[in-house]
Number of protein chains: 2
Amino acid sequence: MRTGLRTGLGTGLRTQGPDRAAAPCLLTLCLGCLHVVALKPQLLTRLGGSSHSTDTPISYDTFYFDQRIDHFGFLEDGTFKQRYLVADEHWQRPGGPILFYTGNEGDITWFCNNTGFMWDVAEELGAMLDSKHLNYLSSEQALADFAVLIKHLKSSSPGAEQSPVIAVGGSYGGMLAAWFRMKYPNIVVGALAASAPIWQFPGMVPCGDFYRIVTQDFAKSGNACDANIRKSWKAINNVSSTASGLQWLSEEFSLCAPLKSSIDAVGFKSWLQETWVNLAMVDYPYPANFLQPLPRWPIQVVCKFLALDPSVSDYELLHGVAQAAKVYYNYTGSSPCLNTSQTATGSLGLLGWFYQACTEMVMPMCADGVHDMFEPQDWNLQAFSDECNAMFGVRPRADWAGTVYGGKDIASHSNIIFSNGGLDPWSAGGVTSNITDSLVSILIPDGAHHLDLRYRNDQDPPSVRAARALEVMYFREWIRQAKKTQPRCP
Amino acid sequence: MRTGLRTGLGTGLRTQGPDRAAAPCLLTLCLGCLHVVALKPQLLTRLGGSSHSTDTPISYDTFYFDQRIDHFGFLEDGTFKQRYLVADEHWQRPGGPILFYTGNEGDITWFCNNTGFMWDVAEELGAMLDSKHLNYLSSEQALADFAVLIKHLKSSSPGAEQSPVIAVGGSYGGMLAAWFRMKYPNIVVGALAASAPIWQFPGMVPCGDFYRIVTQDFAKSGNACDANIRKSWKAINNVSSTASGLQWLSEEFSLCAPLKSSIDAVGFKSWLQETWVNLAMVDYPYPANFLQPLPRWPIQVVCKFLALDPSVSDYELLHGVAQAAKVYYNYTGSSPCLNTSQTATGSLGLLGWFYQACTEMVMPMCADGVHDMFEPQDWNLQAFSDECNAMFGVRPRADWAGTVYGGKDIASHSNIIFSNGGLDPWSAGGVTSNITDSLVSILIPDGAHHLDLRYRNDQDPPSVRAARALEVMYFREWIRQAKKTQPRCP
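Residues numbered from 1 in each chain as written. Chains lettered and ligands numbered in written order. Predicted model: local features only at pLDDT ≥ 70, side-chain atom pairs only at ≥ 80, totals over all residues. Heavy atoms only, no water.

Caption draft 1: View of the domain arrangement of chain A. Residue and element names in this part refer to chain A. Assigned domains of chain A: these are domain 1 (25-203 + 403-485) and domain 2 (209-349 + 364-392). Each partner contributes to the interface: domain 1 provides 24 residues, whereas domain 2 provides 25 residues. When domain 1 packs against domain 2, close to 2,000 Å² is buried across both sides, 63% of that on carbon and sulfur atoms. It is Leu423, Pro425 and Arg454 that lose the most area in domain 1 upon contact with domain 2, and together they represent 29% of the buried surface on that side. Summed over the shared surface of domain 1 and domain 2, the number is zero salt bridges. Across the domain 1-domain 2 interface, the total number found is four residue pairs in polar contact (both at pLDDT 80 or more). A class-by-class count of the residues in the side of domain 1 that touches domain 2 yields twelve nonpolar, seven polar and five charged. (Domains from an automatic or database assignment. Contact = heavy atoms within 4.5 Å. Buried area = accessible area lost by both parts, 1.4 Å probe. Salt bridge = Lys/Arg side-chain N within 4 Å of Asp/Glu carboxyl O. Polar contact = N/O pair within 3.5 Å; in protein donor to acceptor, adjacent residues only side chain to side chain. Nonpolar A, V, L, I, M, F, W, Y, C, P; charged D, E, K, R; others polar.)

Rendered as structure tokens:
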């Protein structure tokens, strides 16, 4: 099933899916604010392992809210315990702003506060999920969860009643942040939607842009890095056509499960493709552990192994590819073998995103092998739909996201920042130019996937520092607007 | 069950519910426009009898669209045939505007066009409805129906692709029109929300304002009309305390089903209360047949029978009340008896509205007998909830409408006209002053329930003529804005 879905959506499912590790808040965002993180709604959850990359003490309180399973129907009257985290150490009551982090599809780590605090809370989709519960796993239910939770918080937290709330999120969480402002402007005064591909839907952007950007990232590292990856697919086909070649490949890549057939080689290529995509997403300017522990500018490191002469043999080329892949999968040297069934740290946790991709989050991707370094692959909605039907018994509604969230026609909304990294393939589906004075785009040319939401770092390029400063400026303006229009505190 | 709900919500359920007869479009609205009427979504329907008050020929085409039963979940993948009516006789292709009438909770009649056409299509809720289907009877599903239908129309009707769409609706349909613009500004460039009580929800307006306005309407007709109605409840209690009194009352009111007990008298008083409310809603300046066939300014006619001296006996007072009620129920003289199980023409058709009132459309009403002419009645959410639970197995979510549709905090939206009649009790829950330059209120002091949406009439007061002219002015402005921002036709 996994391979099938992988075939259907390319890496879309997987690369969007794993965006669940470090999604820290801006260090500079804390304007005497209350920070609230709403974890993944609708789903029974269990706490996974947590880790974070600094030794800053974590300070937050955990609460549970009886959230409705279904906001849009009344027959299902059940509730679930929605977990949320609150950090109010620096909150100025009454009326200090609330930063509300719109939880992603998986784990959340959220860093915020000048004095430094950091959350690294893993949250994974429980394997006990059945399709009845998945039915309530939708963006609309998530937004309704956020709205009901915030109203509850504001009415039950002394001093919060007049607090303006700002939604902050990255990746799918960034999409939710933007949509939350669009659909519930009564609840949040504005939203920071970081690396949010709200236009990665059918008919809105060219399906090939995503892989084109991945390819550009590798091309920038010079030495024919992209060209050699483009050549590698044929080389894999050639080598994997014999049993001895399959064995050689398996050994060269230190695969945990050796390749047995050319069918396995298809999955192997998908896994490699995803590896390059993930590297493009996490091509950060300093060592980080987002999807995997990696050195700074990991693509540059990877491409050192791919600086090969055009005349090299298939085996020499694939030796280089294997070395490159091991930068991603075994930078720490602690992996005994490479597991082609996953491309990011952490266990599973993708089922929920798969379901969403199979329902409303339909994100076409394609490659042509010319403008990108991948094997040509069409976007085939019907094939994708069939896979979804086999997997979940549902079929995607390709046009729904555009209808419900407006697609390109969102100019009547206000107070949303769309930030995008120039290195991030997801910027292909993002808003990368200003729509109006208050629907603004911030570009971070040296940024990968929501770099601006990460902890401040000495190696941050100037562009992300500037982006964060601008984001805070808009936050202040939204808060000022809100304070102006709301009644005075009694 | 009916009486129970009536007790719980006062006349709210009933008076909002029956708003399903004449809801004609402005005669002056037709700017070379395409007119689309979307009938009640989600529900299996049957065509009821149709009638209209003029002999203008009706010209429209009927179509059916395979609409999703559930937009917000994917397990229920079924569709129903959503019926919609299209009048394109005067439509200027390509790009001429589309007026989209957001169907009400029951029957729809829709009049539009300078040359005169009128629809009077009855649509009633089928008695075969089960709670599974009712689960999809919600405003959110209705808005999603509208959005999907309009996208379908625009993509499938040659010349419609660039057409700006304006939502028009009255009463509950007016609420839907306003909410449609709020939630789907990508689909409609603006909305006329006529007599739309979007604030008749818990905590937004005083629960007693509704009945206070009804009372004012009767007080305006002078001769202690309101005072005598206020006195009548006690008189009914007195008279109905004996078997002979019950018999006298039944005969005096020509009741189809004679009153047997003081319990029956409670229902009888509810029915009378609803009668006065309905008269306030349809106090039109010319003979009309909205809820019942009535003379012009029917409250003045009714009050002639209530111009009684304070010293009259209970029997004399109730004789006057009976005569007054017969103005409403038997103006044509064709009713052999009065049926206390209904207060408006047409058969049933209220079940759907009851369900909505029991789920998200929770509209508190109360009376004190001092500022209004009714028996004191508190708003009791718990009792109401218990009745809903007994009737449908659901409980209302009192705060949900305010959360999802913004309550008083809607200033960030745009391009909505809220028109309200000064005689209309529903104006108590309406937007009666400007919120911003593009969220505007139009008051029609001499208007009852969405008089502005009715056919132009020689006896129209100047205020409704002015309102219509202003509405058209805003329509033109929205269309101008839309044409300015959209790409040129290829």
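Caption draft 2: Summary view of helix H8 (residues 243-252) of chain A. Residues and elements named next belong to chain A. Residues of H8 that are buried: Gly245, Leu246, Leu249, Ser250 and Glu252. In a view along the axis of H8, the buried residues occupy a sector of 170 degrees, so they form one face of it. In H8, the exposed positions angled more than 90 degrees off the buried face are occupied by Ala243, Ser244 and Glu251. In the core, the buried residues of H8 are packed alongside helix H7 (225-239), helix H9 (262-281) and helix H11 (314-329). The first or second residue beyond H8 is Ser254, which carries a positive phi of 50 degrees. (Buried < 20%, exposed > 50% of the residue type's maximum accessible area, 1.4 Å probe, protein only. Helix = DSSP H or I, 4+ residues; strand = E, 2+ residues; numbered from the N terminus. Arc of directions from axis to C-beta.)

Caption draft 3: Here's a closer look at the interface of chain A and chain B. Taken together, the contact between chain A and chain B spans 38 residues of the former and 38 residues of the latter. The contact between chain A and chain B buries some 3,400 Å² in all, and 56% of this surface belongs to carbon and sulfur atoms. Its largest share of buried area at the contact with chain B, chain A owes to Phe72, Phe74 and Arg397 of chain A, together 26% of the area lost on that side. For the pair chain A and chain B, the interface holds seven residue pairs in polar contact (both at pLDDT 80 or more). Of all the secondary-structure elements, those providing two or more residues to the side of chain A that touches chain B are helix H3 (131-134), helix H4 (139-156), helix H5 (172-183) and helix H14 (400-405) of chain A.

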